[in-house]
Each structure stands twice: as structure tokens, then as C-alpha cells.
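Here is what each chain is made of, one letter per residue.
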Amino acid sequence: MDLFEYMRNNQMEKEAPLAARLRPTTLDEVVGQKHIIGRDKLLYRAIKADKISSVIFYGPPGTGKTTLAKVIAHTTSAEFTQINATVAGKKDMEEVIAKAKDTMGMYGKKTILFIDEIHRFNKGQQDYLLPFVEDGTVVLIGATTENPYFEVNGALISRSIIFELKPLSKDDVRELLTRAVYDKEKGMGAYDAVIDEDALDFLADAAGGDARLALNAIELGIMTTQRGGDGKIHIDLETASECIQKRVVRYDKAGDNHYDTISAFIKSMRGSDPDAAVYYLAKMLYAGEDVTFVARRMMICAAEDVGNADPNALVVATNASLAAERVGMPEAQIILAQAAAYIATAPKSNSAVNAISEAMETVKETGNLPVPPHLQDAHYKGSAKLGHGIGYKYAHDYPNHYVKQQYLPYELNGKEFYRPSGNGYEVKIREHMRRIKREAEAGGGQTEEGGQAAEDGGGK
């Protein structure tokens, strides 16, 4: 490296984006991804021991793939070379391999080759690397935002360990933003800026787990905001909103607005207004509400407010919850919107709610009423001698698979808890129950074979 190149590199380092300047050089400085770089994890131990093998880092933008590669670069005693698959060609790789061979031959040092956006390499380019990864000429570190099992050569995959990086948590992004504002060595502490707590929370939420997006926003805010009367640069909520180009939605997840919005969402579905339901859903998701929280409330609404008027509503809500969790945002919003619209437009009934409420109250008032003897288990040792199961009528032996007998405790004879409404499928439930009871009374309790059913409890 000559003097001019040295000066150029120094200047580029000073003028690099905040996200690049703030990039950690040691494992202890890395924020997030504890599931793969916690102190007891394989990757942490391998980096610390300088025994890294070929790996592929897979995850969304801004989650630390390049950061981990740079940490390895600062930790390892091996030669470290970086190329980007979006601009590198076969000639670039040939030069890297040739240099790696020379380094191994002359100094006995391995070469770590970091390929950013490795999924951009075509099959031929990936195939070229394979023998040199296999014989140890280079240790490959690949970074990709695409699923490597679809985008990377299977032979390379089999010779590498895949580490999936997750979107950073809100707390992780918040920590990085605080470091960016106040760190005078790597961050922007020299600018004497301060950031309001609500602005910090907003940026941490709005970034959606992308550290680079959050850091770019705070850098823009500090560089473009005029100093206040106290001589400091103040980053408030409005400034934060402008810098990340996302409108502020007043939505405190721990405060009244959180509960008001979810309440309006539930009441809109209950009130059969799909437009309002989807609006409040959008408001919550835009503000960064937890998808699982929203999905959980939808399942409750499907059971509480739709019930058996449309039993499929609970199926839709449950499947939407599972699908949204597996797919993740932003696509999960489509799944949740479909379910919200279904629940909102479904016929409504709270008969199940009333039934369990009355039953719970009855249990509370009456205590431990005995099960009628003919319903008691007749199979365990000695039960038959006690009269358990004697007189039980097996419903499937009767027309319509129904026979009138005492199911409730005798003290509650005639008590009614579940009363199907006049909406949706519950109309059919009500009509069905009335019909089979009416026909049972008219038939006098005859079995399907025409004779009186045995009432000895048998083995049924």
C-alpha cells in the first residue's frame, strides 16, 4: 500500500456512513443474534479460538451478516479477503485463489474469503469455488438475504454451516441508536446531539429489525437538524419521523392508545364492520404491534362473538395466526386482513359465552354435584358392583343417534345453558336439536332395530 492509497483509505473511513463506522470489531461489541453468538454457542467459540470453518450467514438486510464477517476479519490470524458477488466476476475469483495459494505456500496462512450477496453468483461461479473450499485453499464466508438452500450450490451448502440471523429486536436497535448518538469515538457524539425517548422508541420500532435503516435515519437527522438555543442538536419525534420517512402513529403499546385501538378492532369485528376492522388492524401493524398479540385477539373474537353461528371463523382465525407467525411481516398483514374481514362479515352469536358463563356460575353456587350413576365409568375395578354405568343408554343405538336420558346432575334437571341463536349455522343447530328430541318423544325410545334398548350399561 502506497502513501496515496493509505490516505485515501483513511479518508474513506472518516466519510463512511455511520452504519459502517459503528460496525463492531470484537464479538463483545456485537448487538443481538445471541442465538448464534452467545458465549456458549458454537460460532462464538469458533471465532474466539480462530477456528472458523466455511459458513453462510443468512438473514434480512441490516441484521449483522457483514458485521460478523468483519469481526472475524479483526479476530482471525488468517488472511481476509472480501468481494461482492454483484460486481465480482470469475477473473476476480481467480486472482483471490491465486493469492490464497501463494499465502498458504509462503507463510502457511489460510485465507478467509468473504462473499457478500453470494446468491448473486451463478451456478458456474459457485462451482468454480467448490474445489478450493473443499481442499482448504480458502475458508468461505458467504452472506445472503435469500434462502441459501434454494440459491446456493448444494455442494457448497454441504461443506458449510448455515447460520440464520434474525431481525434485531426493538431493544437491540435502541441500544445501537443510543450508541450512535452518544459514542464520540465511532458514533456521532462529537456533534453534541440528544434524542428524545419517544423518538428513540419510534425509530427502534420503525426500523423493523434493520439496524442499517435505523442508523442511516439517525445520521440524517443529526446532520440536517439545526442546533437549539442550548447549542445542542435535538432529535425529537417529528424529526425522527421525517428521517425514516414514516408518519408517526400515536400508539403507545403500554398505554391507553394501545388498549383503545385493540378495543376498537374487536368491537368493529363484533359489529360486522369489515372496513373499520381492517383500518384498526392496519393502524396496529403500522405502529409495530406484535403480530401474535393481534392474532390471539382475533381467535378470541371468533369464538366469543361468532361462535357456532359460523364455526369456521375460529378455524380461519387459528390458521391465520399460525400462517402469520410462520410468514412474518410484511406478508402477514394480508393473512390477518383476510381473517379479520371473515370474522367481521360472519354471522354473530355469543351463545357459547353465555353458556359457559352460566355454567361456571352454577358450578360456583352448587358445588360438587354427583354425576348420575348411569353416566359413571363402569370399567374400573369394582365399579359395576357399585352400580356405576347401570341403565346407561348408548345413543348410537337409537334413531338420529339420540336418546333422552339424564345427563346433568339430578339436582339440575331441566337446566339449560346453551341456547343456539337465530343466526347462521346455529339456526340449523337449533332446528336439529328440536327435531331429534321431538322424534325421540314420538318414537317412545325405540332403538333402530325396533326393540327397546338394553339399559345395562354394557361395554358401551
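Residues numbered from 1 in each chain as written. Predicted model: local features only at pLDDT ≥ 70, side-chain atom pairs only at ≥ 80, totals over all residues. Heavy atoms only, no water.

**A closer look at a negative patch on the surface**
Definition in use: Patches here: salt-bridge-free residues with over 30% relative accessible area, like charges joined within 9 Å, nonpolar side chains (Val, Leu, Ile, Met, Phe, Trp, Tyr) joined within 5 Å. Only the protein chains shown count as covering a residue, and every accessible area follows the Shrake-Rupley method with a 1.4 Å probe. What counts as a salt bridge is simple: a side-chain nitrogen of Lys or Arg found within 4 Å of a carboxyl oxygen of Asp or Glu. In this tally, Asp and Glu contribute negative charge and Lys and Arg positive charge; neither His nor the terminal groups of the chain are included. A charged residue contributes its charge at one atom only: NZ of Lys, CZ of Arg, CG of Asp or CD of Glu. By the criteria applied, helices consist of DSSP H or I runs no shorter than four residues and strands consist of E runs no shorter than two, each listed in order from the N terminus.
Taken together, the side chains of Asp196, Asp198, Asp236, Glu238 and Glu242 define an acidic patch exposed on the protein surface. Structurally, aspartate 196 can be placed in the loop between β6 (193–195) and α11 (197–206).

**Describing the environment of glutamine 333**
Just so we agree on the cut-off: Contacts were defined at the residue level, with two residues in contact if any of their heavy atoms lie within 4.5 Å.
Its location among the elements puts glutamine 333 in helix α18 (residues 332–345). Remark: the alpha-carbon pair of glutamine 333 and valine 291, spanning 42 residues in sequence, is separated by 8.5 Å. In this structure glutamine 333 touches Leu281 and Leu285, once residues within four positions along its chain are discounted.

**Things to note about the side chain of serine 160**
Test applied: Two N or O atoms count as a polar contact when they lie within 3.5 Å, although within protein this holds only if one can serve as hydrogen donor and the other as acceptor, and sequence-adjacent residues are included solely when both atoms are side-chain atoms.
By the element assignment, serine 160 lies in the loop between α9 (154–158) and β5 (161–164). Only 2.8 Å separates the side chain of serine 160 from the backbone oxygen of leucine 156, close enough to count as a polar contact. Residues in contact with serine 160, not counting those within four places in the same chain, are Ser54, Val55 and Ile56.

**Notes on unusual backbone geometry**
Applied cut-off: Residue burial is assigned from relative accessible area. The probe radius is 1.4 Å, only protein chains are included, and a residue is buried under 20% of its type maximum, exposed over 50%, and partly exposed in between.
Non-glycine residue aspartate 192 carries a positive phi angle of around 55°. Along the chain, the position of aspartate 192 falls in the loop between α10 (170–182) and β6. What makes aspartate 192 partly exposed here is its relative accessible area of 35%. Within the chain, serine 272 stands out as a residue other than glycine whose phi angle is a positive 60°. When its relative accessible area of 40% is taken as the criterion, serine 272 is described as partly exposed.

**Focus: the sheet that holds strand β2 (residues 79–84)**
Quick note on the threshold: Being paired, for any two strands, means DSSP has found at least two bridges between them. In this analysis an axis means a line fitted to C-alpha atoms, helices contributing only their contacting stretch, and an angle means the value between N-to-C directions, from 0 to 180 degrees.
Read from one edge to the other, the open sheet built from 5 strands follows the order β2-β3-β4-β1-β5, with strand pairing classed as parallel. The strands lining the two open edges of the sheet, one partner per strand, are β2 and β5. This sheet shows a mean twist of 15° between the axes of neighbouring strands, independent of strand direction. Two elements, β2 and strand β3 (residues 111–116), share 6 bridges in a ladder whose sense is parallel. When the sheet's bridge partners are listed, threonine 81 is paired in β3 with leucine 113. Packing against the sheet, helix α5 (residues 65–75) makes contact with β1 (55–58), β2, β3 and β4 (138–144), and its axis sits at approximately 145° to β1. Its contacts with the sheet put helix α6 (residues 90–107) on β2, β3 and β4, and the angle it makes with β2 is roughly 175°.

**Some thoughts on the pairing of β3**
What counts, and what does not: Orienting the strands away from the viewer, one traces the path from the first strand over the helix to the second; a clockwise path indicates a right-handed crossover.
Here β3 lies mainly inside the structure; 6 of its 6 residues are buried. Both faces of β3 are covered, namely the face carrying Thr111, Leu113 and Ile115 and the face carrying Ile112, Phe114 and Asp116. Pairing between β3 and β4: 6 bridges, direction parallel. Looking at β4, one finds that isoleucine 115 is bridged to glycine 142. Taking the sense of rotation as the criterion, the β-α-β connection linking β3, helix α7 (residues 123–134) and β4 turns out right-handed.

**Some words on the packing of α6 against α7**
As a reminder, the rule being used: Any angle between 65 and 115 degrees counts as roughly perpendicular, while under 35 counts as roughly parallel, over 145 as roughly antiparallel, and the rest as oblique. Under the convention adopted here, Pro, Cys and the residues Ala, Val, Leu, Ile, Met, Phe, Trp and Tyr are nonpolar, Asp, Glu, Lys and Arg are charged, and Gly plus all remaining residues are polar.
α7 packs onto α6 with a crossing angle of 10° between their chain directions and a minimal axis gap of 10 Å. Relative to α7, the element α6 is oriented roughly parallel. Counted together, Lys90, Met93, Glu94, Ile97 and Lys101 of α6 and Gln125, Tyr128, Leu129 and Phe132 of α7 form the full contact between these two elements. Among the residues forming the contact of α6 with α7, the class breakdown is 5 nonpolar, 1 polar and 3 charged.

**Description of the packing of helix α16 (residues 291–306) against helix α17 (residues 312–327)**
With their axes 8 Å apart at the nearest point, α16 and α17 run at an angle of 175° to one another. One way to sum up the angle between α16 and α17 is to call them roughly antiparallel. Along its contact with α16, which presents Val291, Ala295, Met298, Met299, Ala302, Ala303 and Val306, the element α17 presents Ala313, Leu314, Ala317, Thr318, Ser321 and Ala324. Its residues assigned to classes, the contact of α16 with α17 shows 11 nonpolar, 2 polar and no charged.

**With respect to the environment of aspartate 50**
Residue placement: aspartate 50 occurs in the loop between α4 (42–48) and β1. When near neighbours in sequence (up to four residues on either side) are disregarded, aspartate 50 contacts Thr76, Ser77 and Ala78.

**Focus on the pattern of salt bridges**
Side-chain pairing between opposite charges can occur once the charged atoms of the two side chains come close. Evaluation of the coordinates by the stated rule reveals 17 salt bridges. In this structure, arginine 174 and glutamate 197 form a salt bridge, with 2.2 Å as the shortest nitrogen-oxygen distance. Separated by 23 residues along the polypeptide, arginine 174 in helix α10 and glutamate 197 in helix α11 bring together distant segments of the chain. Across the pair aspartate 201 and arginine 174 runs a salt bridge whose closest N-O atoms are separated by 2.8 Å. Placement of the pair is aspartate 201 in helix α11 and arginine 174 in helix α10, with a sequence separation of 27 residues.

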